[in-house]
Protein chains: 2
Amino acid sequence: MRSTMMDYPLTLVRFLERAGRYFPDTEIVSRMPDKSLHRESYGDFYRRARALAAALTRAGLKKGDRVATLMWNHYAHLEAYFGVPVSAGVLHTLNLRLHPQEIAYIVNHAEDRFLIVDDILLPLYEQFRSQVNFERVIVVRLTGNPTPDGFDDYEKFIAPGGDAFTYPTIDEKDPLGMCYTSGTTGKPLGVVYSHRSTVLHAMNVGLADAIGTPSGTTYLTLVPMFHVNAWGAPYINTALGIKQVFPGPYYDAESILDLMEREQVGLAAGVPTLWMGVLQALEREPKRWRLLPGLTLVVGGSAAPEAMMRAFDRLGITLLHAWGMTETSPMGTVSRLKPKLEKLGEDQRYAIRVKQGLPALLVELRVMANDKEVPPDDQTMGEIEVRGPFISGGYYKTAPSPEKFSPDGWLRTGDIAVVDAEGYVKIVDRSKDVIKSGGEWISSLDLENFLMGHPAVAEAAVIAVPHPKWDERPLAVIVLKPGQSATPEQLAEFLRPKVPKWWLPDAYVFTDAIPRGSTGKFLKSRLRDLYGKGAPSAAGKAG
Amino acid sequence: MRSTMMDYPLTLVRFLERAGRYFPDTEIVSRMPDKSLHRESYGDFYRRARALAAALTRAGLKKGDRVATLMWNHYAHLEAYFGVPVSAGVLHTLNLRLHPQEIAYIVNHAEDRFLIVDDILLPLYEQFRSQVNFERVIVVRLTGNPTPDGFDDYEKFIAPGGDAFTYPTIDEKDPLGMCYTSGTTGKPLGVVYSHRSTVLHAMNVGLADAIGTPSGTTYLTLVPMFHVNAWGAPYINTALGIKQVFPGPYYDAESILDLMEREQVGLAAGVPTLWMGVLQALEREPKRWRLLPGLTLVVGGSAAPEAMMRAFDRLGITLLHAWGMTETSPMGTVSRLKPKLEKLGEDQRYAIRVKQGLPALLVELRVMANDKEVPPDDQTMGEIEVRGPFISGGYYKTAPSPEKFSPDGWLRTGDIAVVDAEGYVKIVDRSKDVIKSGGEWISSLDLENFLMGHPAVAEAAVIAVPHPKWDERPLAVIVLKPGQSATPEQLAEFLRPKVPKWWLPDAYVFTDAIPRGSTGKFLKSRLRDLYGKGAPSAAGKAG
């Protein structure tokens, strides 16, 4: 017996057509370089996205050809988010925070054919121009400056319009977009999203137990659009006719808060460091901005500290914690309280809200140690593995490695977590950072957080060092606050009531600064190079 | 270039597993024949649904085999909703309101192999038992009476449990369920849903611009579970861990309101006649029930009168209008106001809310007349055609007919509608009832509604009669209120300011009662038999 259902592919065409037909008046607001606000309607957006698709097709784009973007968040990037895929092209968003050499590597690896760049970022493009070979470079003029010679002007490129454009036949498994992981170790790896995965991910984001933005909400997309589909927001927001606001190149707290107040934003998405800046500005000038009551901030990319969550709550602003990665499109989990948990005491509720949460509807998640699932006891650590229709099962032009995929085909995320009895996962470390001591695991992150609670400690990083008997043991690298002092014995004493005895670091190294990577995270690989063979003679022993 | 996304099928297994794993404490509440409330947890439900799947597999069920249900809405029906599909069986819900002969026809046409029946409905089964041939009939004992000889007891059937049950391999296009249309003309036609269509439909229902039930809501499913998947509610509610309440066999207003009060229902779904009864009970005893503030009633199946919507609003209860049919899984449209329309005046808002609304995200909808889309002028009529991943493209064991499907593969719904400038569709008639006069269409429904506004008219039905010049002309069949009178001339005078001149009926027939079908709708086919050749001599002419 066969189903009688239509064979109807899940493609982005449906989303674009719905936006253009049913929500032509909805606004898209973008901050421009001169700080003015650019406004276009969904009707304009629809025509321009189709005009872009038509122009790319005229320029010779074939199904699966990559069109790179090097842009901040604004209307033209949104047009590319739709215009490229509906022409059967592949949207490859380049991360402008990477080193130019790395961008060049990624462009060449992906074999990008066209580039759409906004003119604020032309100087960045110039830094890797000689190492790449785009067939055409199309410049979005945000500044008002003329287009330099040798480039296409975006407005002229799309000027013929798309009224006569007809969508090519697209299979739902056809590629739609690409994003490279920003691996701190090894070369970046390319993930290729399909129309199907993008539609399913967007719908999953739209469910009430994920983000579930109601129709009347104004949504501020601070997550960079070059960062994993801006968490899927541009797709689902467009499909549902939700008003979208983009910050352009302005990520300072004042610009963000001005935008939130002016457009009466109800939902915004970004990384913790961004929200930390916003929080500080609000605490500095509590009466300056009149924000929409009920404002919710989606936070992901790294863990949101509980203190920040509490501080925002005091201001009537709710943080909603989510977790994911390039390979998961990215929404893997969201930490909403189950209805029954709303009755818990305040401390318990925060303890859950700061966890990474429950898996999204179409995401299967398990936490594995020694080839089996860890018990849901909130303390046994294992690696998060996921699978689902919007999870990557491999990398572009790269053979799948057992380090990245389990023998039965689950993605190994590299995140070490515990699971509680309710099923909430909490990430405690990265797999390469966790310390494997005597068959048990020690969370370097937990140790760091505890150490940074010591009044004399400014920064703390904990790494594994080899040990003849225990395999690995923890070593702590400490930066003291100016004018403060602490001995290894004092630090061990401070830790003792907080962690199991065998977690106490074997050694402490005192230094002036901990090396950090481009995203601001500790460069533990560098620390392992420096101290990975054990503490230098200057270091103290304790424990 | 190919996407790197996993090849992961959309099946109901994901929904069931999520419910069992993450929401084991959520309640499922069912009204029993003795009016007591049966409570089971999602944990119980999960184990029992899997136990049913295991038992069916042991009983020899093969992929695609049909398992019929003849049940009211309760826990066991929900168990079948999941247990049958995850064993790769096909859930065939039988409509207990049909004539026993018709049920027998449907069972035989679908070649149902097993039947799960609740013991309240055993007497109904006995009425067609001799005409069908189930391999096993499994009885859910709700009354406490013993299982009669020759039947399987449901509890004994599933008693071995499903702990060792492993899901068979299911392709997302494999069939999951069946439902027959209750055509007033011709034989019932079978629609076969797939796992894919069911998952996509459920997720679409879960979006905020469709139903979008928030996690903490208690949902009362009054739509019969034998009626088009109970509008998808059991699927999405289970996946999201939403508390579900079922009325069992009790559909009287008092039982419904008692249940709503006791379980503090936030969302309920049912047909207009049901809500009309509830409204009358509330107006009769306004202080009797303490319902949850913000209660929302989803209404579909037929159009909700504006007066009812207004009356509920006065009680603080919101009606949400939706439209669909067996072939559309069923959610086709939902009439939510776009944010900008919230600012309209009260009358304008009601005028939109009583329309059928905007198409669901994954539904493509067009209104066609003379092979092209009608203009969005809110007055040109055409037939609604739809396509999408949960729309049927045919019928079981039936060759597709041009009457049901357009040459380019859209489903022709048989509903005649107009579209306004915002894209909202409003159904004005059924295609077989609309009157085609001189190349233009006249809505029989509109004429009926206007005529029923006349103080002397109790009921009015309008049908087409052949006309040598205009092809068809309207004839009105009128039932006067007791002791009242009206002449054809008076009725025409009453209609004149309300409709175009050429809409005025050519003739009026006065009768004692209008024949109705089993669902309470006018039997226009019978009227056409009686009067379709023109008005009898007793009828009056006017116009």
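A quick note: this is a predicted structure, and the numbers were derived from the prediction, not measured. (Residues numbered from 1 in each chain as written. Chains lettered and ligands numbered in written order. Predicted model: local features only at pLDDT ≥ 70, side-chain atom pairs only at ≥ 80, totals over all residues. Heavy atoms only, no water.)

1. What about the overall build of chain A?
- Counting its secondary structure elements, chain A contains 15 helices and 27 strands.
- Here chain A has a C-alpha radius of gyration of 24 Å; the compact-globule value for 543 residues is 24 Å, and the two agree.
- Dimensions along the principal axes, computed over C-alpha positions, put chain A at roughly 75 × 60 × 55 Å.
- Buried positions account for 62% of the 543 residues belonging to chain A. (Helix = DSSP H or I, 4+ residues; strand = E, 2+ residues; numbered from the N terminus. Rg over C-alpha atoms; globule rule 2.2 N^0.38 Å. Buried < 20%, exposed > 50% of the residue type's maximum accessible area, 1.4 Å probe, protein only.)

2. Comments concerning the relation of the copies chain A and chain B
- Overlaying chain A on chain B yields an RMSD of 0.1 Å, the required transformation being a rotation through 180 degrees with an accompanying axial translation of 0.0 Å. Classification of the inter-copy transformation places it as that of a two-fold axis. Nearest to the rotation axis, the C-alpha of A:L207 is located 2.6 Å from it, this being the minimum over chain A.
- Taken together, the interface assignments show that 100% of the residues at the interface of chain A recur at the interface of chain B, consistent with an identical surface on both copies. (Least-squares fit on C-alpha atoms with pLDDT ≥ 70 in both. Contact = heavy atoms within 4.5 Å.)

3. Let's talk about the nonpolar core
- Judged by nonpolar contacts, the single largest core of 210 residues is most densely connected at A:F15, A:F82, B:F15 and B:F82.
- Here B:F82 is in contact with B:L12, B:F15, B:L16, B:F45, B:A49, B:P234, B:Y235 and B:T238, once residues within four sequence places are set aside. (Core = buried A, V, L, I, M, F, W, Y, C linked by side-chain atoms within 4.5 Å.)

4. Re the sheet that holds strand β20 (residues 411-419) of chain B
Residue and element names in this part refer to chain B.
- With respect to topology, five strands assemble into an open sheet ordered β18-β17-β19-β20-β21, the strand pairing being antiparallel. What marks the edges here is a single partner per strand, and that holds for β18 (372-373) and β21 (425-430).
- Note: strand β17 (residues 364-369) against β18, two bridges, orientation antiparallel. The residue of β18 that forms the bridge with M368 is E373. (Pairing = 2+ DSSP bridges.)

5. Examining unusual backbone geometry
- Cis geometry marks the peptide bond from A:S329 to A:P330; its omega dihedral reads 10 degrees.
- Here A:P330 shows up in the loop between β14 (318-324) and β15 (331-335).
- In this model, B:W231 sits at a positive phi of 60 degrees, which is unusual for a non-glycine residue.
- Among the secondary structure elements, B:W231 is positioned in the loop between β10 (218-221) and α8 (233-239).

6. So, the pattern of salt bridges
- A full pass over the atoms with the stated rule returns 86 salt bridges over all chains.
- Among the ionic pairs, B:R113 bridges to B:E135, the shortest N-O distance being 2.7 Å. Of the two residues, B:R113 is situated in the loop between α4 (100-110) and β5 (114-118) and B:E135 in the loop between α5 (122-128) and β6 (136-140); the sequence distance between them amounts to 22 residues.
- The class for B:E135 is partly exposed, based on a relative accessible area of 46%.
- Because the salt bridges share partners, they merge into one network encompassing A:R366, A:E383, A:E385, A:D408 and A:R412. (Salt bridge = Lys/Arg side-chain N within 4 Å of Asp/Glu carboxyl O.)

7. Considering the sheet that holds strand β4 (residues 90-93) of chain A
Residue and element names in this part refer to chain A.
- Spatially, β7-β6-β5-β3-β4-β8-β9 is the arrangement adopted by the seven strands of the open sheet, whose pairing is mixed. The sheet is open, and its two borders are formed by β7 (152-153) and β9 (190-194), each paired with just one other strand.
- Relative to the sheet, helix α3 (residues 75-86) contacts β3 (66-70), β4, β5 (114-118), β6 (136-140) and β8 (175-180), its axis offset from that of β4 by approximately 145 degrees. (Axes fitted to C-alpha atoms, helices over the stretch in contact; angles between N-to-C directions.)

8. Notes on helix α15 (residues 524-531) of chain A
All names here are of chain A.
- Regarding α15, the residues found buried are K524, L527 and Y531. Taken down its axis, α15 places every buried residue within 50 degrees of arc, on the same side.
- For α15, the elements touching its buried residues are α13 (444-451), β24 (457-467), β25 (471-480) and β26 (507-510). (Arc of directions from axis to C-beta.)

9. Comments concerning the packing of aromatic side chains
Residue and element names in this part refer to chain B.
- Summed over all chains, the structure comprises 22 aromatic pairs over all chains.
- Considering the side-chain rings of Y125 and F134, the 6.3 Å spacing of their centres and the 45 degrees angle between planes classify their relative orientation as tilted. F134 shares its class with Y125; the two are buried.
- Seen from the ring of Y105, K187 lies directly overhead, with NZ or CZ sitting 4.3 Å from the centre.
- Residue placement shows R366 over the ring face of W410; its charged tip is 4.0 Å from the ring centre. (Phe/Tyr/Trp six-rings, centres within 6.5 Å; stacked < 30°, edge-to-face > 60°. Lys NZ or Arg CZ within 6 Å of the ring centre and 35° of its normal.)

10. A closer look at the domain arrangement of chain A
- Partitioning chain A into domains gives domain 1 (12-250), domain 2 (361-430) and domain 3 (435-541).
- Computed over C-alpha atoms, the centres of domain 1 of chain A and domain 3 of chain A are 42 Å apart. (Domains from an automatic or database assignment.)

11. Notes on the interface of chain A and chain B
- The interface is formed by 75 residues belonging to chain A together with 75 residues belonging to chain B.
- Interface of chain A and chain B: buried area, both sides summed, is about 5800 Å²; carbon and sulfur atoms make up 62% of it.
- The interface formed by chain A and chain B includes 10 salt bridges.
- The interface formed by chain A and chain B includes 31 residue pairs in polar contact (both at pLDDT 80 or more).
- Of all the secondary structure elements, the ones that give two or more residues to the side of chain A that touches chain B are α1 (12-22), β8, β9, α7 (195-206), α8 (233-239), β16 (358-359), β17 (364-369) and β19 (382-387) of chain A.
- With seven residues, the single largest contributor to the side of chain A that touches chain B is α7(A).
- Its residues assigned to classes, the side of chain A that touches chain B comprises 40 nonpolar, 18 polar and 17 charged. (Buried area = accessible area lost by both parts, 1.4 Å probe. Polar contact = N/O pair within 3.5 Å; in protein donor to acceptor, adjacent residues only side chain to side chain. Nonpolar A, V, L, I, M, F, W, Y, C, P; charged D, E, K, R; others polar.)

12. Observations concerning helix α9 (residues 253-263) of chain A
- Here α9(A) has its buried residues at A:A253, A:S255, A:I256, A:L257, A:L259, A:M260 and A:E263.
- Following α9(A) by one or two positions, A:Q264 adopts a phi angle in the positive range, close to 50 degrees.

13. A short note on the packing of α13(A) against helix α14 (residues 488-495) of chain A
Residues and elements named next belong to chain A.
- Contact geometry of α13 with α14 gives a least axis separation of 10 Å together with a crossing angle of 105 degrees. Here α14 runs roughly perpendicular to α13, going by the angle between their axes. Across from L447, F450 and L451 in α13, the residues of α14 making contact are L491, F494 and L495. (Parallel < 35°, antiparallel > 145°, perpendicular 65-115°, else oblique.)

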